[in-house]
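One letter stands for each residue in the lines below.
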Amino acid sequence: MILQQVAAVLGLLVVYRLYSNWKQLSNGIPGPLIARYSDLYRAYQQYNGKLRDELVRLHSVHGPVVRYGVRSVSISDPSVVDVVYGSRAGFTTADSYNVLVGIANGKEVASLVSTRDETRHGALRRSVASAFTPTGVLDYEPWIDESIVELLDVLSERPLIDLSTTMLYYSMDAAGRFSFSESLGCLRADADEGGVASMIRNRFNHWGWWSSLPGLERLIYRNPIALRMKRAPSSMAASAVAKMKARAGKPSNSSRAPDLLSRFMESSQTNPEVLDTAGIVGMLMSTISGAGDTTATSTTAILYYLLQHRDKLAKLRAELVAADINKSLPSNREVSKLPYLHATIREGMRLFPTITWPIERCVPKGGAIIAGMHFHEGTSVGCMPAALHLNPAVFGEDAREYRPERWLVADPEVLRKMESSHMGLSRGRRVCLGQHIAMMQMKKVVAAMVLNFDMSLSDPTSVLDADFSPAVACLKPLMIKVVPKHEHGELPFASDGRI
Ligand code: HEM
């Protein structure tokens, strides 16, 4: 009898929960029925790396607004970008960012990305802004040069490489250099030296896998007992603290180029109340983890599409040769304004954005009208780059095709629309802080590789594939053949004496 009563009460609770879930967002937004009642649907899709493709499919069936969770809506309409990500809109990052907060000494330590308080986030960003301006980032060019010289050298010795892994190791080493003046040594060793890359992937995995169920994640990983047991800082935080301690009190080595850590420590002296020790650790965590897989995946994708489309590759090479740039080591000044190079980068990142799910924002107090619909306060809305980038109203009926020329249109209005719908580096208040470093780096490294090597896909039918379950796509191996151009009778890349 008692058992029956308990079962009946539990049954009522479940029905009530399903009803209240349904009530959360009942304004007729299309999407899978189960997503109305439970976030287990999106959790299942994300955990299995299927959410990205599933959302692209749902948008092609249902249009620009689809539901994928009890209170989660994906929008592929470019008109919402300014509303949701704009600086005055009042939208904050969604609950899914809670699972990204690190743990150190039993306490939660937010990085820049996982700082949800907008006032704190804005103050933090402003305190380091000068280190990331288009001219500020030129200070780090010597660190990128050092990494590119090493990459060219390594490539000249390896006729067959896995491009995905090589670019990951190159990007990690470059990030180490411009963050704290030290290569991680991955590229030379052809291994994840020190385990930093897998440390970052664990972080992206955790974010992707638990983003749908932040409440459950908190219960499991952040209850008082779990926090007390995790006295040691997370490995990412520990490594950031170690770099900072090693630098503290030492005179800066003026013979070397400035790095991000030196910039952060300078900012901390002028702005100690905003950028304290924890703030510097959070910034370093954000930049090291923000710079590796993202740059590697984007650069690999840009090169992959060029190798697949030999005519476009030839066009790019012709532009680089005509510009008469330093073949050994193209400078940022030489490559930053080349239109076709820029177009191949925008197009590669459009077709293969690194973020695997919508960049989620929370509807502010009082609700909001988005894409002509009213959304209640607290609803998570976001644009997923992979869906928005295929919108034919912005990119044309051939949106699924690789065509860098689309970025060379003469009509400024068409270009403006495409640029403002490109979410590869996000947009608005939380746009990628390292965007100018990323663009400088990608332009230089793509130009250097194209000028110095004949590259081809080892298997011309290979596709660019990734594990899409982490928050940032982790590429699967992509084998390519690499032949130094001097083996075809052209000059070796270091022989013109201009390095
Ligand atoms: C092609 C390479 C890159 C891509 C595709 C990329 C993409 C992104 C995206 C989409 C975001 C927004 C994430 C969100 O709101 O959930 C972001 C934020 C961020 N990125 Fe990048 N990123 C790249 C390179 C870099 C580099 C090189 C650095 C550092 C030097 C960096 C540092 C950051 C930081 C610190 C944030 C957080 C900004 C904030 O919350 O205010 N990124 N990035």
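We now turn to the structure provided with this report. (Residues numbered from 1 in each chain as written. Predicted model: local features only at pLDDT ≥ 70, side-chain atom pairs only at ≥ 80, totals over all residues. Heavy atoms only, no water.)

On to the pattern of salt bridges. Any two side chains of opposite charge can pair, so long as their charged atoms come close to each other. On inspection of all chains with the given rule, the structure shows 31 salt bridges. A salt bridge links Glu141 to Lys444; the nearest nitrogen and oxygen atoms lie 2.6 Å apart. Placement of the pair is Glu141 in helix α7 (residues 141-157) and Lys444 in helix α22 (residues 435-452), with a sequence separation of 303 residues. Since its relative accessible area comes to 13%, Glu141 is described here as buried. Lys444 gets classed as buried once you look at its relative accessible area, which sits at 0%. Residue Glu146 is joined to Arg177 by a salt bridge in which the shortest nitrogen-to-oxygen separation is 3.0 Å. Of this pair, Glu146 sits in helix α7 while Arg177 is found in helix α8 (residues 163-180), placing the two residues 31 residues apart along the sequence. We classify Glu146 as partly exposed; its relative accessible area is 37%. (Salt bridge = Lys/Arg side-chain N within 4 Å of Asp/Glu carboxyl O. Helix = DSSP H or I, 4+ residues; strand = E, 2+ residues; numbered from the N terminus. Buried < 20%, exposed > 50% of the residue type's maximum accessible area, 1.4 Å probe, protein only.)

What follows concerns the site of the ligand. What surrounds the ligand is a group of 29 residues, the closest being Tyr97, His121, Arg125, Gly290 and Cys432. Note that an oxygen atom of the ligand is positioned 2.6 Å from one of the side-chain N or O atoms of His121. The contact in question runs from an oxygen atom of the ligand to an N or O atom on the side chain of Arg361, over 3.3 Å. Counting only elements with at least two residues in the shell around the ligand, the list comes to α6 (118-128), α15 (277-308), β7 (359-362) and α22. Among the elements that make up the shell around the ligand, the one with the highest residue count is α15 (7 residues). (Near = heavy atom within 4 Å. Polar contact = N/O pair within 3.5 Å; in protein donor to acceptor, adjacent residues only side chain to side chain.)

Turning our eyes to something else, we now look at the sheet that holds strand β10 (residues 380-383). Across the sheet, which stays open at both edges, the 5 strands sit in the order β1-β2-β10-β7-β3 with mixed pairing between neighbours. The sheet is open, and its two edges are formed by β1 (65-69) and β3 (92-93), each paired on a single side. With 4 bridges joining them, β7 and β10 adopt antiparallel strand pairing. Bridging from a neighbouring strand, Arg361 pairs with Val381 of β10. Sheet contacts for helix α4 (residues 51-62): β1 and β2 (72-75); angle to β1, the most-contacted strand, approximately 145°. (Pairing = 2+ DSSP bridges. Contact = heavy atoms within 4.5 Å. Axes fitted to C-alpha atoms, helices over the stretch in contact; angles between N-to-C directions.)

The next point concerns the nonpolar core. Core analysis: the biggest nonpolar cluster contains 134 residues, and Tyr170, Phe178, Phe264, Ile370, Val381, Val446 and Met449 have the highest contact counts within it. With 15 residues, α15 is the largest single contributor of residues to this core. Leaving out residues up to four positions away in the same chain, Met449 has contacts with Leu151, Leu155, Leu163, Met167, Leu303 and Met455. Within the second largest apolar cluster, 6 residues are counted, among which are Val394, Phe395, Trp407 and Met418. (Core = buried A, V, L, I, M, F, W, Y, C linked by side-chain atoms within 4.5 Å.)

Here the focus is the sheet that holds strand β6 (residues 160-162). Spatially, the 3 strands line up as an open sheet ordered β6-β14-β11, and their pairing is antiparallel. Looking at the sheet topology across the chains shown, the edges are occupied by β6 and β11 (453-457). Put simply, the sheet's adjacent strands are angled 30° from each other on average, direction ignored. Strand direction decides the pairing type here: β11 and strand β14 (residues 479-484), joined by 5 bridges, are antiparallel.

Mapped onto the elements, Pro142 comes out in helix α7. In the structure, Pro142 is positioned 239 residues away from Val381 in sequence and 40 Å away in space, judged by C-alpha atoms.

Now for the environment of Tyr37. Position of Tyr37 among the secondary structure elements: in helix α2 (residues 33-37). Since its relative accessible area comes to 29%, Tyr37 is described here as partly exposed. Considering only alpha carbons, one finds Tyr37 and Leu100, 63 residues apart in sequence, at a separation of 25 Å.

Attention now goes to the side chain of Ser74. Positionally, Ser74 belongs in strand β2. Here His59 takes part through its side chain, which lies 2.8 Å from a polar atom of the side chain of Ser74. Those residues in contact with Ser74 that sit more than four places away from it in its chain are Leu55, His59, Pro64, Val65, Val66, Tyr68, Pro358, Gly382 and Met384.

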